[in-house]
Amino acid sequence: PLGVQDYQAYEFKSTPYSVRMAVSEIAARASAELRILARIGESESTVESEIVVSSRRRPVYRVRIRIPADLQLDTVAAAELSDWSIVETNGQRVLNVYFTSGQEGGFPISLQGRLDDHTVNQQLPLPKLEVLDVTQQRGVVVIQVDPSLDARLLNLEQCSTVLLNQAANWLTAEQRPLARMAVQ
C-alpha cells in the first residue's frame, strides 16, 4: 500500500533472531531548469518561478530548493503536491517540496512570493534559487521594473546578461513589455 517494493526476503528457522541492516537513499539523476521572474516596484518586489525537474533514474518524492533569506513564499504548486516546508540549515533556508507519488520525467514546480520591503535607490540582490541534489541545473532570471524606476545590474559574478528575446520566450504577452533585462 505504500508503494514499497520487496528488496530481499529472509527465512528464519527459529526465534529469537536478530537482523541489522543499513539503508541509504538512492541518488536520483535529476536536472533542473529554472525560470525566474523578478518584479521590482517602488516599495514591493515579487518573485515568480517555474522550476522544471527532470528525473531519469528513479521517481522523485522530494525536491529541495535553497531560497533567499528575504523571500517570503505565498504559493508552492506542483502536480501531486503533498506538502511543503521551509527549514533553516547552516544559516540557509531550504524549501522541501514533497509529492504524494514519485514524479518521473519532467515535472514543474511553481513558486510565488514576496521579497522583503525595500526603498528606492537601494541595491537589491538578484533573487537566487538553487535546486539541491541535482546533477545539473541552468536558469534564467528575467527582471521586470516598474516604469517609473530605472535599474541596472551591478557586480555580476558567475552569471551573464542575455538578450531578452533569447531568454524570455516563456514570458506571457502581458509580462514581456515590462521585462528590462535577463541574466543566466
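Structure first, text after, so check above.
Residues numbered from 1 in each chain as written. Predicted model: local features only at pLDDT ≥ 70, side-chain atom pairs only at ≥ 80, totals over all residues. Heavy atoms only, no water.

Attention now moves to a nonpolar patch on the surface. Residues Tyr10, Phe12, Tyr17 and Val19 make up a contiguous nonpolar surface patch of about 460 Å² in total accessible area. Here Tyr17 shows up in the segment before strand S1 (30-40). (Patch = residues over 30% accessible without salt bridge, like charges linked within 9 Å, V, L, I, M, F, W, Y side chains within 5 Å. Areas by Shrake-Rupley, 256 points an atom, 1.4 Å probe, with all protein chains shown as cover. Salt bridge = Lys/Arg side-chain N within 4 Å of Asp/Glu carboxyl O. Helix = DSSP H or I, 4+ residues; strand = E, 2+ residues; numbered from the N terminus.)

For the rest of this paragraph, the subject is the pattern of salt bridges. Inspection of every chain in the model, using the stated rule, returns eight salt bridges. Where Glu11 meets Lys13, a salt bridge forms, and the shortest distance between an N and an O atom there is 3.1 Å. Lys13 matches Glu11 in its accessibility class, with the two residues each being exposed. Asp133 is the partner of Arg64 in a salt bridge, and the nearest nitrogen-oxygen pair spans 2.7 Å. Of this pair, Arg64 sits in strand S2 (residues 45-67) while Asp133 sits in the loop between strand S6 (130-131) and strand S7 (136-145); the two residues are 69 residues apart in sequence, bridging distant segments of the chain. (Buried < 20%, exposed > 50% of the residue type's maximum accessible area, 1.4 Å probe, protein only.)

This next bit is on the packing of aromatic side chains. Evaluation of the coordinates by the stated rule reveals two aromatic pairs. Both rings, one in Phe12 and one in Tyr17, keep their centres 4.0 Å apart while their planes meet at 5°; by these two values the pair is stacked. (Phe/Tyr/Trp six-rings, centres within 6.5 Å; stacked < 30°, edge-to-face > 60°.)

Here we take up the nonpolar core. Membership of the largest hydrophobic core comes to 30 residues, with the highest contact counts inside it found for Ile51, Val63, Ile65, Ile109 and Leu129. Of all elements in the fold, only S1, S2, strand S3 (71-78), strand S5 (92-115), S7 and strand S9 (179-183) reach the threshold of two or more residues within this core. Ignoring any residue separated from it by four or fewer positions in sequence, one finds Leu129 in contact with Leu34, Ile36, Ser49, Ile51, Ile65, Arg66, Ile67, Pro68, Leu71 and Leu111. By size, the runner-up hydrophobic cluster in this structure holds nine residues, among which are Val162, Ala167, Ala179 and Ala182. (Core = buried A, V, L, I, M, F, W, Y, C linked by side-chain atoms within 4.5 Å. Contact = heavy atoms within 4.5 Å.)

If you trace the backbone, Asn96 turns up in strand S5. Ignoring any residue separated from it by four or fewer positions in sequence, one finds Asn96 in contact with Arg62, Val63, Arg64, Asp83, Trp84, Ser85 and Val87.

Moving on: the pairing of strand S4 (residues 81-89). Of the pairings in the sheet, the one linking S4 to S5 comprises eight bridges and is antiparallel in character. For Leu81, the partnering residue across the bridge sits in S5 and is Phe99. Hairpin connection, S4 to S5: the antiparallel pair is bridged by two residues, and Asn90 has positive phi, about 55°. (Pairing = 2+ DSSP bridges.)

Below, the discussion takes up the pairing of S1. Both S1 and S2 contribute to a ladder of 11 bridges, which runs antiparallel. Bridging from a neighbouring strand, Arg39 pairs with Thr46 of S2. Counting the residues that bridge the hairpin from S1 to S2 gives four residues. Looking at chain direction, S1 and S7 are connected through 10 bridges and run parallel. Across the sheet, Arg39 pairs through a bridge with Gln144, a residue of S7.

Turning to the environment of Gln72, a few remarks are in order. Along the polypeptide, Gln72 turns up in strand S3. Between the alpha carbons of Gln72 and Arg114 there is a distance of 5.2 Å; along the sequence they are 42 residues apart. The contact partners of Gln72, leaving out residues within four places of it in the chain, are Arg93, Gly113, Arg114 and Asp116. A polar contact is formed between the side chain of Gln72 and the side chain of Asp116, at a distance of 3.3 Å. (Polar contact = N/O pair within 3.5 Å; in protein donor to acceptor, adjacent residues only side chain to side chain.)

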